[in-house]
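Each chain is listed here by its residues.
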Amino acid sequence: MTAVLRLASWGYALALYGFIFLPVVVLVLFSFQDGRLPIPPFEGPTLRWYAAVWQDRSLTAALGNSFVVALASSAVSCALGFLAAWGLARGRLAGGRAMQGLITAPLTVSYLLIGLGLMISFNLTGISPSLLTVGIGHAVINTPLCFAICFASMGDHQVNIERAARDLGAREWQVLWLVTAPMLLPALAAGFALSVTFSWDEFIIAFLLSRFDVTLPVEIWSLLRSGLNPKTNAAGSVVFLVSVAMVLAAEFTLLRRRR
Amino acid sequence: MTTPERAERRRAWAAVAPALLWTLAFFVVPFAMMAAMSLWQRQGREVVRVWDLSNYQDFLSKPHLLGALWNSIEITVLVTVISVVLAYPLAWIIAERVPRHLQRLALALAVLPFWTSYVVRSYAWTLVLAKNGVLNQALIGAGLIAEPLEISATRGATVTGFVHFFVMLLTLTIYANLVQLPANYRRAAADLGAGPLAVFWHVTLPLTLPGIMVGAFLTFVLCIGDYITPQILGGNSELVLPQVIMLQLGRGADLPMAAALSIVLMTVVTAAWLACARWLRLERA
């Protein structure tokens, strides 16, 4: 009985891991396809589709745009989230709970609605879509995340160190910049890395709020119109590898904090 | 109130203010504008600011709009149920069967494809499910079917894409819940004569219900608001609400209608939230 159960467990786990990895393996494998269609039989391997991605001007431009938007919007998110977390953790402000709720509210709304709301208001106020508006949209979804991560690691033990710095004559911005921020560096790094990952992968807000300059997921979206194509596989594999690299970076900064 | 305390409070306000203003300007105000927009009307190419509920009346009277809401709800409920049923055993195996020092790795592997962008992930599924794609060729090769299955551009393809994503998400939330359970509860139940099945049914499952509910709620919210997966995998066979919203933005843009449909979507999500609110209270250490 237990042997059967054990066998069934491993069988089940194997099947589900297979299901989870199937699309990714197919995506990456057929990005090396030496043929015109990314479907079996596999011929190859070849790197020519990666070369094609590299030579595609609009793809490389979109790649650059994605990096700029991700880094800039994540920096804004981290700054806003960190300051708010510090104020709410230290200040004992009246209505602190309500403010916490307000700042984290965007986490509960789907990206489509956030993007559409911003699109409508930019439209009504005459602001034209650009990478800046995309960045604003991404900072809206990532600020709550950075806030939550920083708020969770604001400990009471740090208060005394801040007081000591103040007693020794540090100005308020010096306390924040030279004392509090370094103490919270792991949280800030994790928040930053996660924000970069989310911004990097985000499609719908970037789609609704951009026009001429677009980010990578939007550019890949327009590639999809040409149907199944190994070049799309190659572009998708690049996006996937970058995301995984960033997640690993976040994971290691978080791990280091625990040790 | 003493002076240092007052200074401290001023500082705290100054620190919180930027994030509050940001949220107000780019989240609260846009929602107010969207709500206002939903009460206006499109006439020709202009948006006319007359206030009434005609967009909502249109929504209720036009079968293709109301139908999209039903499609959304049906698909979302189906996806949520299938994902929970598939993810629970996997989370349980990782928590109970995998050696402790390997659990983190097993979990990380189980959610690795979670980090592909959803455009790329949906495209990858079209590769698998295409008429001459991997799945059909494998099934034909194995002699299980003679003719390729028509899966792409159907509800089945949409559900498959969604389930793939949410199995990973739910495995995470359910695992987090399972490892928090003190083993003593189960030992106590076993000592009192419960068999393994009874222990699971009367102890483990009820105690992990909160984790299931949190995951199921997240699944519901993310699934019902997603445009990409149904658009890429389901095609135009059966439109869901986000697809219909996006259609309003195309040629002859009808922003008021798009806004009204978004408010409808928002209402459905809020209703779901109220329905599971008692399981969703966030605990903070």
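Residues numbered from 1 in each chain as written. Chains lettered and ligands numbered in written order. Predicted model: local features only at pLDDT ≥ 70, side-chain atom pairs only at ≥ 80, totals over all residues. Heavy atoms only, no water.

### What about the overall build of chain A?
Phase 1: The secondary structure content of chain A amounts to 12 helices and zero strands.
Phase 2: Helices and strands in chain A line up, N terminus first, as α-α-α-α-α-α-α-α-α-α-α-α.
Phase 3: Relative to its length of 259 residues, chain A is extended, with a C-alpha radius of gyration of 23 Å against a globular reference of 18 Å.
Phase 4: Taken along the three principal axes of its C-alpha coordinates, chain A extends 70 × 65 × 30 Å.
Phase 5: Every one of the 259 residues in chain A was classed for burial, and the buried ones make up 53%.
Phase 6: Once local pairs closer than 6 in sequence are excluded, the contacts in chain A between residues at least 24 apart make up 73%.
Phase 7: Only carbon and sulfur atoms are counted for the fraction: they give 68% of the accessible area of chain A, which is about 11900 Å². (Helix = DSSP H or I, 4+ residues; strand = E, 2+ residues; numbered from the N terminus. Rg over C-alpha atoms; globule rule 2.2 N^0.38 Å. Buried < 20%, exposed > 50% of the residue type's maximum accessible area, 1.4 Å probe, protein only. Contact = heavy atoms within 4.5 Å. Areas by Shrake-Rupley, 256 points an atom, 1.4 Å probe, with all protein chains shown as cover.)

### Thoughts on the interface of chain B and chain A
Phase 1: Counting residues at the interface gives 79 residues for chain B, matched by 88 residues for chain A.
Phase 2: Buried surface at the junction of chain B and chain A, summed over both partners, amounts to about 7200 Å²; 80% is from carbon and sulfur atoms.
Phase 3: Across the pair Arg-11 of chain B and Glu-172 of chain A runs a salt bridge, and its minimum N-O distance is 3.2 Å.
Phase 4: If you look at where chain B meets chain A, you find six residue pairs in polar contact (both at pLDDT 80 or more). (Buried area = accessible area lost by both parts, 1.4 Å probe. Salt bridge = Lys/Arg side-chain N within 4 Å of Asp/Glu carboxyl O. Polar contact = N/O pair within 3.5 Å; in protein donor to acceptor, adjacent residues only side chain to side chain.)

### Thoughts on a nonpolar patch on the surface
Residue and element names in this part refer to chain A.
Phase 1: Taken together, the side chains of Val-25, Leu-29 and Phe-42 present a nonpolar region at the surface, about 240 Å² in accessible area.
Phase 2: Assignment of secondary structure puts Val-25 in helix H1 (residues 2-29).
Phase 3: Looking at Val-25, the relative accessible area reads 47%, which means it is partly exposed. (Patch = residues over 30% accessible without salt bridge, like charges linked within 9 Å, V, L, I, M, F, W, Y side chains within 5 Å.)

### Observations concerning the packing of aromatic side chains
Phase 1: On inspection of all chains with the given rule, the structure shows 15 aromatic pairs over all chains.
Phase 2: The interplanar angle of 45° and the centroid separation of 5.9 Å between the aromatic rings of Trp-221 of chain A and Tyr-227 of chain B together place this pair among those described as tilted. Here Trp-221 of chain A, found in helix H11 (residues 216-223), pairs with Tyr-227 of chain B, found in the loop between helix H9 (196-224) and helix H10 (228-234), and the two come from separate chains. This pair shows no difference in class: Trp-221 of chain A is buried, exactly as Tyr-227 of chain B is.
Phase 3: On the basis of an interplanar angle of 75° and a centroid distance of 5.0 Å, the ring pair of Phe-165 of chain B and Phe-166 of chain B is categorised as edge-to-face. (Phe/Tyr/Trp six-rings, centres within 6.5 Å; stacked < 30°, edge-to-face > 60°.)

### Here we look at the confidence of the model for chain A
Segments scoring low in pLDDT should not have their predicted coordinates read at a detailed level.
Phase 1: Of all residues in chain A, 97% attain a pLDDT of 70 or more, and the chain-wide mean is 87.
Phase 2: Per-residue pLDDT, averaged within each element of chain A, yields its smallest value for helix H12 (residues 230-258) of chain A (79) and its largest for helix H10 (residues 204-209) of chain A (94). (pLDDT = per-residue confidence, 0-100.)

### Re the packing of helix H5 (residues 118-129) of chain B against helix H6 (residues 134-141) of chain B
Residue and element names in this part refer to chain B.
Phase 1: Two elements in contact, H5 and H6, have axes separated by 4 Å at closest approach and are oriented at 25°. As judged from the angle between their axes, H5 and H6 are roughly parallel. Each of Leu-127, Val-128 and Leu-129 in H5 lies in contact with H6, whose residues at this interface are Val-134, Leu-135 and Asn-136.
Phase 2: Tallied by class, residues from the contact of H5 with H6 come to five nonpolar, one polar and no charged. (Axes fitted to C-alpha atoms, helices over the stretch in contact; angles between N-to-C directions. Parallel < 35°, antiparallel > 145°, perpendicular 65-115°, else oblique. Nonpolar A, V, L, I, M, F, W, Y, C, P; charged D, E, K, R; others polar.)

### Describing the UniProt feature "transmembrane region" (unreviewed entry) in chain A
Residue and element names in this part refer to chain A.
Phase 1: This chain's UniProt record puts "transmembrane region" (unreviewed entry) on residues 12-32, 67-89, 101-124, 130-154, 175-200 and 234-255.
Phase 2: The span residues 130-154 shows a helical share of 88% and a strand share of 0%, and its end C-alpha atoms are spaced 36 Å apart.
Phase 3: What you have in residues 175-200 is 96% helix and 0% strand, and the ends, taken at the C-alpha atoms, are 32 Å apart. (UniProt positions renumbered as here; feature names shortened; annotations may be inferred.)

### Overview of the packing of helix H3 (residues 63-96) of chain B against helix H7 (residues 155-180) of chain B
For any two helices packed against each other, the geometry comes down to the angle between their axes and how far apart the axes lie.
All names here are of chain B.
Phase 1: Following both chains from N to C, one finds H3 and H7 inclined at 45°, their axes separated by 6 Å at the closest point. It follows from the interaxial angle that H3 and H7 lie oblique. Seen from above, H3 lies across H7 with right-handed handedness. (Left-handed = near helix turned anticlockwise from the far one by under 90°.)

### A few points about helix H6 (residues 131-152) of chain A
Residue and element names in this part refer to chain A.
Phase 1: Over its 22 residues, H6 runs 31 Å from end to end, which matches the ideal 32 Å to within 8%, given 1.5 Å per residue.
Phase 2: The largest bend in H6 comes to about 35°, at Asn-142, with the proline Pro-144 one to four residues further on.
Phase 3: Where burial is concerned, most of H6 is hidden: 17 out of the 22 residues are buried.
Phase 4: Two or three places before Leu-132, at the start of H6, stands the capping residue Ser-130, its side-chain oxygen 3.1 Å from that residue's backbone nitrogen. (Expected span 1.5 Å × (residues − 1). Bend = angle between axes of the 7 residues up to and from the residue.)

### Side note on the confidence of the model for chain B
Phase 1: In the predicted model, chain B carries a mean pLDDT of 86, and the fraction of residues at 70 or more is 96%.
Phase 2: Of all helices and strands in chain B, the one with the weakest mean pLDDT is strand S2 (residues 46-48) of chain B (80), whereas H3 of chain B scores best (93).

### Some points on empty space enclosed by the protein
Residues and elements named next belong to chain B.
Phase 1: Applying the stated criterion across every chain, the model contains two cavities of 30 Å³ or more.
Phase 2: Looking at the largest cavity, the residues that line it are Ser-72, Ile-75, Thr-76, Phe-162, Cys-223, Ile-224, Asp-226, Pro-230, Val-240 and Pro-242.
Phase 3: Elements with a minimum of two residues in the lining of the largest cavity: H3 and H9.
Phase 4: The dominant element in the lining of the largest cavity, judged by the number of residues it contributes, is H3, at three residues.
Phase 5: Looking at the lining of the largest cavity, its residues break down into seven nonpolar, two polar and one charged.
Phase 6: By volume, the second largest cavity is sized at about 30 Å³.
Phase 7: Lining of the second largest cavity is provided by Ile-75, Arg-155, Thr-158, Pro-230, Gly-234, Ser-237, Glu-238 and Gln-243.
Phase 8: Looking at the lining of the second largest cavity, the elements that each hand over two or more residues are H7 and H10.
Phase 9: In terms of residue class, the lining of the second largest cavity is made up of two nonpolar, four polar and two charged. (1 Å grid on protein atoms, 1.4 Å probe; cavity = no way out; pocket = protein on both sides within 12 Å on 5 of 7 lines; lining within 4 Å. Points joined across faces, edges and corners; volume = space filled by probe spheres on them.)

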